[in-house]
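Summary of structural features
Here is what each chain is made of, one letter per residue.
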Amino acid sequence: GWKPNPQLNLFTKLTYDYNQNPESGECCVLPDTELLQIGFGAEYLPIKGSEALRLFAAGSTTGGRNGNIYGTLADSLTLFELGLKVQCGLFSSARH
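This is a predicted model, so every value here is computed, not measured. (Residues numbered from 1 in each chain as written. Predicted model: local features only at pLDDT ≥ 70, side-chain atom pairs only at ≥ 80, totals over all residues. Heavy atoms only, no water.)

Some thoughts on the pattern of salt bridges
Definition in use: For this analysis, a salt bridge means a side-chain nitrogen from Lys or Arg found within 4 Å of a carboxyl oxygen belonging to Asp or Glu. Where helices and strands are cited, they refer to DSSP runs of H or I of at least four residues and of E of at least two residues respectively, numbered from the N terminus. With a 1.4 Å probe rolled over the protein chains alone, any residue whose accessible area is under 20% of its type maximum counts as buried; one over 50% counts as exposed, and the rest are partly exposed.
According to the stated counting rule, one finds three salt bridges in the structure shown. Across the pair Asp32 and Arg65 runs a salt bridge whose closest N-O atoms are separated by 3.2 Å. With Asp32 in the loop between β2 (8-19) and β3 (33-44) and Arg65 in strand β4 (residues 53-65), the pair connects residues that are 33 residues apart, well separated along the chain. A relative accessible area of 42% places Asp32 in the partly exposed class.

Structure follows, in structure tokens:
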């Protein structure tokens, strides 16, 4: 990732899955799979000096073949997501 300032993080992601083994020995990447996924995104921390609130946006595109026709990644699939993460501290112990 790249942090142009303390409150902003920009990132890219690359995933490549390949399995040409005719036998099904791999449980996650089925035979006849060759997929490439390229993504990008940004995280923004609106409260200076705190990670309690985080806004993010990401996108990706996928190309290739997935041997699992019911898999979550498919050829020519484009995904976009927006999100908000709030740190609540429900399970953290209070210090005295």
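Regarding unusual backbone geometry
A positive phi angle, near 65 degrees, is found at Asp32, a position not held by glycine. Non-glycine residue Ser76 carries a positive phi angle of around 60 degrees. Following the sequence through the fold, Ser76 ends up in the loop between β4 and β5 (77-86). For Ser76, a relative accessible area of 58% translates into the label exposed.

A closer look at the sheet that holds β2
Selection rule: For two strands to count as paired, DSSP must find a minimum of two bridges between them. To obtain each axis, a line is fitted to C-alpha atoms, and for helices this fit is confined to the stretch in contact; angles are then taken between N-to-C directions over 0 to 180 degrees.
Across the sheet, which stays open at both edges, the five strands sit in the order β1-β2-β3-β4-β5 with antiparallel pairing between neighbours. The open sheet has two edge strands with one neighbour each: β1 (2-5) and β5. Put simply, the sheet's adjacent strands are angled 15 degrees from each other on average, direction ignored. In this sheet, β4 lies alongside β3 in antiparallel orientation, the contact comprising eleven bridges. Looking at the pairing, Tyr44 lines up with Leu55 of β4.

Here's the deal with the layout of surface pockets
Heads up, the rule is: Cavities and pockets are found on a 1 Å grid laid over the protein atoms alone: a cavity is a set of points where a 1.4 Å probe fits but cannot escape, a pocket is an open set with protein on both sides within 12 Å along at least five of seven lines, and a lining residue has an atom within 4 Å of such a point. Grid points are joined across faces, edges and corners, and a volume is the space filled by probe spheres set on the points. Just so you know the grouping, Ala, Val, Leu, Ile, Met, Phe, Trp, Tyr, Cys and Pro go in nonpolar, Asp, Glu, Lys and Arg go in charged, and all remaining residues, Gly too, go in polar.
Counted as a void, the largest pocket has a volume near 230 Å³. Along the wall of the largest pocket there are 14 residues; nearest its centre are Lys13, Ala58, Gly59, Ser60 and Glu81. Among the secondary structure elements, those contributing two or more residues to the lining of the largest pocket are β2, β3, β4 and β5. Of the residues that constitute the lining of the largest pocket, the class distribution is seven nonpolar, five polar and two charged.

Here's the deal with the side chain of Arg54
To keep it simple, the criterion reads: By the criterion applied in these results, polar contacts are pairs of N or O atoms within 3.5 Å in which, for protein atoms, one can donate a hydrogen and the other can accept it, and in which residues neighboring in sequence qualify only through two side-chain atoms. Throughout, a contact is declared for two residues whenever any of their heavy atoms are within 4.5 Å.
Within the secondary structure, Arg54 is located in strand β4. Here the side chain of Arg54 touches Glu43 through a polar contact of 3.4 Å, side chain to side chain. A distance of 3.0 Å separates polar atoms of two side chains, one belonging to Arg54 and the other to Glu51. Excluding anything up to four places from it in sequence, Arg54 contacts Glu43, Tyr44, Leu45, Gly83, Leu84 and Lys85.

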